[in-house]
Amino acid sequence: MNTATFMQQFGPIIIIFAIFYFLIIRPQQKREKERRDMLSSLKEGDDVITVGGIYGKILNIKDDVITLDVGDKIKLKVTRTAIGNILKKREKTED
């Protein structure tokens, strides 16, 4: 089998795979990396929104459990993966 025959048979499959990689797989991997970085950078005092739409302020972080203050002495415990986005990072205080 020569090179021209090989490219005629498998060329379209290779091109389709390349298109899927650059349009679907690679952007998804990038979004997942950004999400992992965001979840690992959570700090006490950050204002966040959960994937369920609850706004709160992080009071405590223990391993995978985050305690949120959602207002008027109401505290919720959620998993780290339940955090959808950071709204406002905690201001660093200088002592």
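The coordinates are above.
Conventions we followed
Residues numbered from 1 in each chain as written. Predicted model: local features only at pLDDT ≥ 70, side-chain atom pairs only at ≥ 80, totals over all residues. Heavy atoms only, no water. Helix = DSSP H or I, 4+ residues; strand = E, 2+ residues; numbered from the N terminus. Expected span 1.5 Å × (residues − 1). Bend = angle between axes of the 7 residues up to and from the residue. Buried < 20%, exposed > 50% of the residue type's maximum accessible area, 1.4 Å probe, protein only. Contact = heavy atoms within 4.5 Å. Salt bridge = Lys/Arg side-chain N within 4 Å of Asp/Glu carboxyl O. Pairing = 2+ DSSP bridges. Axes fitted to C-alpha atoms, helices over the stretch in contact; angles between N-to-C directions. Core = buried A, V, L, I, M, F, W, Y, C linked by side-chain atoms within 4.5 Å. Phe/Tyr/Trp six-rings, centres within 6.5 Å; stacked < 30°, edge-to-face > 60°.

Participant: Mind showing me how you'd approach helix 1 (residues 3-40) here?
Facilitator: Given 3.6 residues to a turn, an α-helix orients residues that are three or four positions apart in the same direction. Taking 1.5 Å per residue as the helical rise, helix 1 with its 38 residues ought to reach 56 Å, whereas the 49 Å between its terminal C-alpha atoms falls clearly short. Taken as a whole, helix 1 carries its principal kink of about 50° at F10; the proline P12 stands between one and four residues after it. For helix 1, every residue scored as buried is listed here: G11, M38 and L39. Buried positions along helix 1 lie against strand 5 (83-88).

Participant: I'm lost on the pattern of salt bridges in this one. Help?
Facilitator: Two side chains carrying opposite charge are able to pair once their charged atoms lie near each other. Counted by the stated rule, this structure contains 1 salt bridge. Between K33 and D37 there is a salt bridge, with the nearest N and O atoms lying 3.3 Å from each other. On the criterion of helical spacing, the pair formed by K33 and D37 is a turn pair, its members being 4 residues apart in helix 1. Look at D37 and you get partly exposed, because its relative accessible area is 40%.

Participant: In this structure, what is going on with the sheet that holds strand 1 (residues 47-50)? I would like to understand it.
Facilitator: Adjacent strands of a sheet pair through backbone hydrogen bonds, lying either parallel or antiparallel. Read across the open sheet, the 5 strands follow the order 4-3-2-1-5; overall the sheet is antiparallel. Looking at the sheet topology across the chains shown, the edges are occupied by strand 4 (74-79) and strand 5. The sheet shows a mean angle of 45° between the axes of neighbouring strands, taken without regard to direction.

Participant: Help me understand the nonpolar core, please; the structure alone is not making it clear to me.
Facilitator: Membership of the largest hydrophobic core is limited to 11 residues, which are M38, L39, L42, V48, I58, I66, L68, V78, A82, I83 and I86. Those elements that place two or more of their residues in this core are helix 1, strand 3 (65-71) and strand 5. With sequence-adjacent residues up to four places away left out, L68 is seen in contact with V48, T50, G56, K57, I58, L59, I74, K75, L76, V78 and I83.

Participant: I keep staring at the packing of aromatic side chains and nothing clicks. Help me out?
Facilitator: Summed over the entire model, instances satisfying the criterion amount to 2 aromatic pairs. Where F6 meets F10, the ring centres are 5.1 Å apart and the plane angle is 45°; that geometry is what we call tilted. Within this pair, F6 and its partner F10 are both found in helix 1, separated by 4 residues, close to a single helical turn. Measuring from centroid to centroid gives 5.1 Å for Y21 and F22, while their planes differ by 80°, and the two rings are edge-to-face. For Y21, a relative accessible area of 29% gives the class partly exposed.

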